[in-house]
Structures are given as structure tokens and as C-alpha cells.
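Chain by chain, the residues run as shown.
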Amino acid sequence: MSSTLQTESESSSLDFQLVLDTIDLPAFALDSDNRVIAWDEQIADLLGIDAETVLGEQGLGDIAYDKPNKQTLAEKVLDAPESAHQRFDDIGLAKEEYALLNAGRNNVYEDTSTLRGRDIWFVATPVYRDGELVGVQSVLTRRHLRPALRRCCHTCLLATAHPYGAGCNCSG
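These numbers come from a predicted model, not from an experiment.

S.K.: How should I be thinking about the overall build of the chain in this particular structure?
M.R.: Helix and strand counts for the chain stand at 8 helices and 7 strands. The buried share of the chain, taken over its 172 residues, is 48%. When contacts within the chain are restricted to residue pairs at least 6 apart in sequence, long-range pairs at least 24 apart make up 42% of them. Of the roughly 8600 Å² of accessible surface on the chain, 44% is carried by carbon and sulfur atoms.

Written out as C-alpha cells, the structure reads:
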């Protein structure tokens, strides 16, 4: 179950809640004002940061990294939703076969970082409603699982990407 903050755009918060409740990965969402509006239990477990600490807060990177002016991938994507991979040296475009998020026509970005002593693979995409940026959704998992996602079949994708390493049973 995820936690969300209700903002002036209640339907946006509910959309993010629905996304977080239907994926089996650590995930969170920022609104267009860079506030954390959704934070699921899996990300709380993985990073050791509970929802009450971050919901409604701006500057997630400052909280998560314990360093001033450090941005998460999601914050960078919010700053440059169409060109984050060009604006920031540490961000790439995620390959479609293992991006974890399907963003339609929007870019899906990725980076890796050490966060709270864990090597993490971050994936994030901007979210638009009627052509207007409403926020960013992000999922993450432990970095060592990333190579397995390239080889894994779509059916086993979520099992392989599970933050606790459930593993893939396919041959592909």
C-alpha cells in the first residue's frame, strides 16, 4: 500500500496512487512543484525513509542523500523533462527492453547512484496530462539486478526487478 499527499489536483495524486499500488517495485512520485506526493512501502523499506518524512516535502535529494543541493533522478527529470539526458551528465535514456516504465511518447531516464549505502538503479519519466507536466514517477531497484533485466523475458520482468531479488525463472 502506498501513501499519497492530496494536493490541489486530487486526481493527479490519485493517478499516482493507482500506479504505485499496481507495481511491485519501490516507487514514488513528485508533482510539478517538486513535492513528494506518493511514496510506497517498498521504497520506505529499501531506503529506510518512511512516508511521513517525505510526503509534501520538496528537495527529496536533500532528504534521501543527507546532502544539501543533491538531486534525485526524478528531480532532474522534473527540471528538464524532455532533455534530462542532455542537461545532466549522469543521466541516460533507458533502453526500452528493460526500462521498467512505459512512458508512451515520453522519455524514460535512468541513472545509478549509491543511496544510504545501497547501490541503486533509478528509472523515471515525466507525466503529462492534456499536454501539461503534472509530475514525475520513479521506480528503483538494486543496481545488481539491472543486467538481469536485459536478458529477462517480459513475463518475468517484475520478478527479476523485485527489490528483494525474487529472481527470474525463465530461460531467456
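S.K.: Can you help me understand the pairing of strand β6 (residues 118–129) in this one?
M.R.: Where strand β5 (residues 109–115) meets β6, 7 bridges bridge the pair, whose relative direction is antiparallel. Bridging from a neighbouring strand, Thr 112 pairs with Trp 121 of β6. With 10 bridges joining them, β6 and strand β7 (residues 132–142) adopt antiparallel strand pairing. Note that in β7 the partner of Trp 121 across the bridge is Thr 141. Hairpin connection, β6 to β7: the antiparallel pair is bridged by 2 residues, and Asp 130 has positive phi, about 55°.

S.K.: Sorry, what's going on with the nonpolar core here?
M.R.: Nonpolar side chains in soluble globular proteins generally cluster together in the buried interior. Counting residues in each nonpolar core, the largest one holds 30 residues, and the members touching the most others are Phe 28 and Trp 39. In this structure, Leu 20, Ala 27, Ala 94 and Trp 121 belong to the second largest nonpolar core, which totals 11 residues.

S.K.: Would you mind going over the side chain of Asp 111 with me for this structure?
M.R.: When you line up the elements, Asp 111 lands in strand β5. The buried charged residue Asp 111 lacks any salt bridge partner; its closest oppositely charged side chain belongs to Lys 76, at an N-O distance of 4.6 Å. Leave out the neighbours within four places in its chain, and Asp 111 touches Leu 73, Asp 90, Ile 91, Ile 120, Trp 121 and Phe 122.

S.K.: What exactly am I supposed to notice about the environment of Asp 24 here?
M.R.: Tracing the backbone through its elements, the reader meets Asp 24 in the loop between α1 (10–22) and β2 (27–31). Looking at Asp 24, the relative accessible area reads 34%, which means it is partly exposed. C-alpha separation for the pair Asp 24 and Asp 40, spaced 16 residues apart in sequence, amounts to 9.8 Å.

S.K.: Hey, could you run me through the pattern of salt bridges in this one?
M.R.: For side chains bearing opposite charge, pairing can occur when the charged atoms are close. What the rule picks out here adds up to 2 salt bridges. The shortest N-O distance in the salt bridge between Arg 35 and Asp 31 comes to 2.7 Å. Between Lys 76 and Asp 90 there is a salt bridge; the shortest N-O distance is 2.6 Å. Of the two residues, Lys 76 is situated in helix α5 (residues 73–79) and Asp 90 in the loop between α6 (84–87) and β4 (92–93); the sequence distance between them amounts to 14 residues. For Asp 90, a relative accessible area of 43% puts it in the partly exposed group.

S.K.: Honestly, unusual backbone geometry in this entry has me stumped. Any pointers?
M.R.: The phi angle of most residues is negative, glycine excepted, and most peptide bonds adopt the trans form. With a phi close to 70°, Asn 34 is a non-glycine residue in the positive phi region. Structurally, Asn 34 can be placed in the loop between β2 and β3 (36–40). Unlike most non-glycine residues, Asn 69 shows phi in positive territory, near 65°. Topologically, Asn 69 is positioned in the loop between α4 (60–65) and α5.

S.K.: How should the packing of aromatic side chains be read in this particular structure?
M.R.: The geometry of an aromatic ring pair is captured by the separation of the ring centres together with the interplanar angle, meaning the angle of the planes. The tally for this structure, following the rule as stated, stands at 1 aromatic pair. Above the plane of the ring of Tyr 65 lies Lys 70, whose end atom (NZ or CZ) is 4.9 Å from the centre.

S.K.: Whenever I open this one, the side chain of Ser 138 confuses me. Can you help?
M.R.: Within the secondary structure, Ser 138 is located in strand β7. Here Val 123 takes part through its backbone oxygen, which lies 2.9 Å from a polar atom of the side chain of Ser 138. With sequence-adjacent residues up to four places away left out, Ser 138 is seen in contact with Pro 26, Ala 27, Phe 28, Ala 74, Val 123 and Ala 124.

What counts as what
Residues numbered from 1 in each chain as written. Predicted model: local features only at pLDDT ≥ 70, side-chain atom pairs only at ≥ 80, totals over all residues. Heavy atoms only, no water. Helix = DSSP H or I, 4+ residues; strand = E, 2+ residues; numbered from the N terminus. Buried < 20%, exposed > 50% of the residue type's maximum accessible area, 1.4 Å probe, protein only. Contact = heavy atoms within 4.5 Å. Areas by Shrake-Rupley, 256 points an atom, 1.4 Å probe, with all protein chains shown as cover. Pairing = 2+ DSSP bridges. Core = buried A, V, L, I, M, F, W, Y, C linked by side-chain atoms within 4.5 Å. Lys, Arg positive; Asp, Glu negative; His and termini not counted. Salt bridge = Lys/Arg side-chain N within 4 Å of Asp/Glu carboxyl O. Phe/Tyr/Trp six-rings, centres within 6.5 Å; stacked < 30°, edge-to-face > 60°. Lys NZ or Arg CZ within 6 Å of the ring centre and 35° of its normal. Polar contact = N/O pair within 3.5 Å; in protein donor to acceptor, adjacent residues only side chain to side chain.

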